[in-house]
Amino acid sequence: MTVHRATLILAGALLAAAAAPACAQALHTVSLASSAQGYRTDAARHVYNTYAGQIYKGMLPPLVHAVVVIETEVDRAGNVREVRVIRSPSHAPDVTERVVAMVRRASPFPEPSKLGATKFMEVWMVDHGGQFQVHTLTEGQL
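What counts and how
Residues numbered from 1 in each chain as written. Predicted model: local features only at pLDDT ≥ 70, side-chain atom pairs only at ≥ 80, totals over all residues. Heavy atoms only, no water. Helix = DSSP H or I, 4+ residues; strand = E, 2+ residues; numbered from the N terminus. Contact = heavy atoms within 4.5 Å. Phe/Tyr/Trp six-rings, centres within 6.5 Å; stacked < 30°, edge-to-face > 60°. Buried < 20%, exposed > 50% of the residue type's maximum accessible area, 1.4 Å probe, protein only. Core = buried A, V, L, I, M, F, W, Y, C linked by side-chain atoms within 4.5 Å. Pairing = 2+ DSSP bridges. Axes fitted to C-alpha atoms, helices over the stretch in contact; angles between N-to-C directions. Salt bridge = Lys/Arg side-chain N within 4 Å of Asp/Glu carboxyl O.

(A) Geometry of the environment of L32. With respect to the secondary-structure elements, L32 resides in the loop between β1 (30-31) and α2 (36-50). Separated by 80 residues in sequence, L32 and P112 have C-alpha atoms that sit 6.8 Å apart. Contact partners of L32, with chain neighbours within four places excluded, come to D42, S113 and K114.

What follows is the structure in structure tokens.
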């Protein structure tokens, strides 16, 4: 195998690893939250752990590329049952599709042990480069 071909194979593998979430099973935990709001925080931390390389670091700029609001329903084991879009940016439907896909791939979420099956809402703020913050864990805006 030539050095050039080996480099291309390695680059492709790194690109695929960057796009894929960390193994959700390895991050699976149990949430002790006793409310949907508390569970939302645990779910946000799970998303940040799953997609650590895609989190926007620091305060967001005054205008972000897209804001997506979703409601996620998880079963007693933390498996995503449904992702319902509440607000979608008309100028960036691809961002909505990406957010929904990311939530589904991050399944299972922490088990909502005190709540059983539950629903929670989250606001995703996405920049032009595809990095994001969720409202629950945002560092704010400039």
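(B) Fine view of the packing of aromatic side chains. The final tally for this structure, using the stated rule, is 4 aromatic pairs. Between Y48 and F132, the aromatic rings sit 6.1 Å apart at their centres with planes inclined by 85°, giving edge-to-face as the arrangement. Of this pair, Y48 sits in helix α2 while F132 sits in strand β6 (residues 132-134), and the two are 84 residues apart along the sequence. In terms of burial, Y48 and F132 fall into one category: buried.

(C) Summary view of the nonpolar core. Formed by 27 residues in total, the largest nonpolar core has its most connected members in F109, W124 and F132. Listing elements by their share of this core, those giving two or more residues are α2, β2 (66-74), β3 (80-87), α3 (93-105), β5 (118-126) and β6.

(D) Highlighting the sheet that holds β6. Pairing within the open sheet is antiparallel, and its 4 strands lie in the order β3-β2-β5-β6. The open sheet terminates on both sides in strands that have one partner only, identified here as β3 and β6. Pairwise comparison of adjacent strand axes, ignoring direction, gives a mean angle of 30° for this sheet. Both β2 and β5 contribute to a ladder of 9 bridges, which runs antiparallel. What sits directly across from E71, in β5, is M121. The strands touched by α2 within the sheet are β2, β5 and β6, with β5 carrying the most contacts at an inclination of about 50°. Its contacts with the sheet place α3 against β2, β3, β5 and β6, and it is angled at close to 155° to β3.

(E) Looking closely at the pattern of salt bridges. Evaluated as defined, the whole model comprises 4 salt bridges. E122 is the partner of R40 in a salt bridge, and the nearest nitrogen-oxygen pair spans 3.1 Å. Of this pair, R40 sits in helix α2 while E122 sits in strand β5; the two residues are 82 residues apart in sequence, bridging distant segments of the chain. Under the relative-accessibility criterion, E122 is labelled buried at 5%. One salt bridge connects R84 with E71, and the closest N-O pair in it is separated by 3.1 Å. Taken as a pair, R84 in strand β3 and E71 in strand β2 lie far apart in primary sequence, 13 residues in all. Exposure remark for R84: the relative accessible area of 41% places this residue in the partly exposed category. On the basis of relative accessibility, which here comes to 17%, the residue E71 falls in the buried class.

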